[in-house]
Structures are given as structure tokens and as C-alpha cells.
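Residue-level listing of the chains:
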Amino acid sequence: MSEKIERLKTVIIGSGPAGYTAAIYAARADLKPVMYTGMEPGGQLTTTTEVDNFPGYPEGIDGPTMMVQLQQQAERFGTDVRIGMVTAVELSDEIGGIHKLTIDDDKVIEAETVIISTGASAKYLNLPSEQRLRGGGVSACAVCDGFFYKGQDVAIVGGGDTAAEEASYLANICNKVTMLIRKDHMRASKAMQHRVNSLKNIDVRYNTEIDEVLGDQVVEGLRMVNNQTGKKEEIAITGLFIAIGHTPNTGIFKGQLDMDETGYILTQGKSTKTNKPGVFASGDAQDKEYRQAVTAAGTGCMAALDAERYLATVETPQEVV
């Protein structure tokens with residue numbers, strides 16, 4: 001006798017601030033949400049030592065603790081948090097249709113609504129010294145962590161608009177910002193280039209890459225290399241910011257959900273609705289502009305509300321016991 005397929009009202013894919021906030025709202029709306037955490041339960045904040053800009057924490061909080069508390073809050077209202085990864089999806093085109101999800105390349109479940117909160121992963125240089133000091137002075141978010149380096153010397157890697165914007169932000173609070181660009185020009189827009197070049201405490205180094213990040217427990221310096229001449233130089237810094245882009249974790253949805261050219265899921269208007277009825281996207285999987293924990297949490301709330309309203313408008317299929 002074949003095993004019956006589990007059918008659920010709401011499945012949340014991903015467990016960062018967007019996913020947990022969606023879970024809290026969905027559980028309180030009696031949507032009986034089931035969350036699959038993915039390979040990195042808690043998302044990017046689990047690699048952040050101190051979160052100082054999330055409302056409600058006047059003394060700040062470390063990222064892993066914040067994620068544990070969000071999970072506890074979601075579970076208090078009845079969210080079923082499951083360790084596992086959604087590895088394939090078959091999304092219905094029909095209003096009221098059932099979506100099929102494969103868990104860990106093995107188990108298939110069905111969902112009336114799906115909330116995607118798979119986030120995005122920051123790109124790193126993948127140097128051993130860089131990876132070793134992540135959380136010890138190496139960061140991929142200047143807006144998140146720049147405050148901790150107020151009045152200090154820092155460096156930033158990247159030549160696009162994001163790098164230029166973050167370099168400008170750092171220049172307002174840090175003593176000196178060394179900007180490393182591996183090509184002989186900046187990819188950033190002319191307006192952003194003008195902003196960078198107008199700030200006296202930004203030292204732009206073209207044709208320059210990182211040879212090694214210096215320091216044992218925390219960042220103490222940087223050894224740079226000119227990729228044209230081979231000349232190496234060391235500078236003293238306390239913080240290194242990597243701004244070479246993000247990759248949205250949306251690969252399993254390609255070909256089914258509308259995305260932009262870089263893989264961010266497109267949502268309709270100010271909602272979290274995707275092009276598939278009953279499928280909603282929240283957090284960094286659909287936001288390449290802000291990428292903050294608080295904005296991710298906001299869209300998680302929106303996704304749960306959108307799912308609740310969607311379910312109220314369709315005839316609920318009989319659940320498989």
C-alpha cells in the first residue's frame with residue numbers, strides 16, 4: 001500500500017528573518033505553517049556576531065541568538081520547524097492548485113500555499129585568510145557592520161554601484177577607506193564614481209587585489225598586490241568589507257517563477273505575489289535593493305498576510321490525512 005502524500009496549508013522555504021516572521025504571522029492566522037530550514041538554519045545572520053540595528057534590541061544582540069529567539073517565537077504559535085532542504089518544486093499554474101515540493105531529493109509533499117524566503121548569499125573572494133576572519137573583521141555588509149569601525153581605517157573590495165555606495169557610507173564614519181578595484185576602472189555609474197572621488201578619505205586603488213588578510217583572531221591588516229606589476233604592499237586596517245555582489249538562492253525556481261537577469265524573484269506591485277497563484281516571495285530572494293534583516297522581516301509579514309488572503313478566496317481542497 002503506497003504511503004499517502006502529506007498535504008499542508010502553508011510551507012515556508014527558508015529560515016531567516018523573512019521566514020520566521022512569515023511563520024509567526026501564518027501560525028497566528030491558523031495556517032498551520034511548516035518550515036523547512038534549508039542548509040543554513042537562521043540564514044546569513046547566523047554568521048553575524050553583533051546585530052545593532054534591529055528595532056527592539058537597545059543593547060544589540062548577536063545574530064545566532066536572535067535567530068534562536070525568532071524560531072522559539074514561531075514555534076510558540078505552532079509552527080512546525082523541520083530540518084531539511086527543498087530540492088525541487090513543481091508549482092501549479094491554477095488558482096487553488098496544489099504545489100508539489102521535494103524534500104532532500106526524497107520525500108514529496110503538497111502545499112496549498114508556498115512562502116519563499118530562501119535569501120541570498122554574499123559573494124566572497126574565497127581566500128583562506130578571508131574566510132578564517134569572517135565575523136572577526138571581514139564583513140559583506142557595510143551598512144550592517146560599519147558602525148563598529150567608527151573612526152578606524154578600513155578597506156572595501158569591489159567596483160560596482162554597491163561597492164561605491166558602501167565606500168561612501170564608510171567614509172562618513174571611518175577615518176580612512178581604501179577601495180580595491182581589480183580592473184583599471186570602476187563599473188559603478190558616473191554619479192557614484194563622482195561621489196567616491198569627491199570624498200578625500202577614500203583611497204581608490206585600481207588593478208589591485210587582496211593577497212592576504214592579516215591577523216590571527218581579528219583583522220589587523222591587509223596585503224595588497226598590483227595585478228599589473230606584481231608589487232605587494234601592506235596596510236593596517238581593522239575592517240574589511242567585501243562588496244562584489246550577492247547570489248539569490250532561487251535556482252530551484254528557475255523556469256517556473258519570473259525572475260530578473262540575476263535571479264531575484266519578481267513580485268507584483270507592493271505585494272509578495274509571484275506569477276504562480278499561491279506562491280509568495282519574501283526577503284532577500286526578491287529584494288536586491290535593501291537586504292536588511294528588518295526589511296526581510298517586513299516582507300515575511302506581507303507574505304503571510306498575502307497567503308492568508310489567498311486561501312480565503314479559494315476553495316480549500318480536502319486535506320489528505
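Scroll up a little and you will see the structure.
For clarity, every value in this text was computed on a predicted model and none was experimentally measured.

**Some points on the overall build of the protein chain**
- Scanning the protein chain from terminus to terminus reveals 7 helices and 17 strands.
- The C-alpha atoms of the protein chain give 22 Å as radius of gyration, which agrees with the globular expectation for 321 residues (20 Å, within 12%).
- Its C-alpha atoms give the protein chain principal-axis dimensions of roughly 70 × 40 × 35 Å.
- Across the 321 residues of the protein chain, 51% fall into the buried class.
- The long-range fraction of contacts in the protein chain, counting pairs at least 24 apart against all pairs at least 6 apart in sequence, stands at 59%.
- Summing over all exposed atoms, the protein chain offers an accessible surface of approximately 15800 Å²; the carbon and sulfur share of this is 48%.
- The averaged location of the 43 negative side-chain charges in the protein chain is 4 Å from the averaged location of its 31 positive side-chain charges.

**Remarks on the sheet that holds strand β9 (residues 153–157)**
- Taken together, 5 strands build an open sheet; the order of strands is β8-β15-β9-β10-β11 and the sheet is parallel. In this open sheet, the two strands that pair with only one neighbour each are β8 (138–139) and β11 (202–205).
- In this sheet, strand β15 (residues 239–242) lies alongside β8 in parallel orientation, the contact comprising 2 bridges. Pairing of S139 across the sheet is with F241, part of β15.

**Section: the packing of helix α1 (residues 17–28) against helix α2 (residues 63–76)**
- It is the contact of α1 with α2, at a shortest axis distance of 8 Å, that shows an interaxial angle of 20°. The angle between the axes of α1 and α2 places the two elements in the roughly parallel class. With respect to the hand of their crossing, α1 and α2 are arranged in left-handed fashion. For the pair α1 and α2, contact is made by P17, Y20, A23 and I24 and by M67, L70, Q71, Q73 and A74, respectively.
- Grouping the constituent residues of the contact of α1 with α2 by class yields 7 nonpolar, 2 polar and no charged.

**Examining the pattern of salt bridges**
- According to the stated counting rule, one finds 13 salt bridges in the structure shown.
- E233 serves as the salt-bridge partner of R205, at 3.0 Å between the closest nitrogen and oxygen. Of this pair, R205 sits in strand β11 while E233 sits in strand β14 (residues 232–236), and the two are 28 residues apart along the sequence.
- Here the salt bridges share partners, and the residues they tie into one network are D211, E212, R223, K232 and E234.

Cut-offs used in this document
Residues numbered from 1 in each chain as written. Predicted model: local features only at pLDDT ≥ 70, side-chain atom pairs only at ≥ 80, totals over all residues. Heavy atoms only, no water. Helix = DSSP H or I, 4+ residues; strand = E, 2+ residues; numbered from the N terminus. Rg over C-alpha atoms; globule rule 2.2 N^0.38 Å. Buried < 20%, exposed > 50% of the residue type's maximum accessible area, 1.4 Å probe, protein only. Contact = heavy atoms within 4.5 Å. Areas by Shrake-Rupley, 256 points an atom, 1.4 Å probe, with all protein chains shown as cover. Lys, Arg positive; Asp, Glu negative; His and termini not counted. Charge placed at Lys NZ, Arg CZ, Asp CG, Glu CD. Pairing = 2+ DSSP bridges. Axes fitted to C-alpha atoms, helices over the stretch in contact; angles between N-to-C directions. Parallel < 35°, antiparallel > 145°, perpendicular 65-115°, else oblique. Left-handed = near helix turned anticlockwise from the far one by under 90°. Nonpolar A, V, L, I, M, F, W, Y, C, P; charged D, E, K, R; others polar. Salt bridge = Lys/Arg side-chain N within 4 Å of Asp/Glu carboxyl O.

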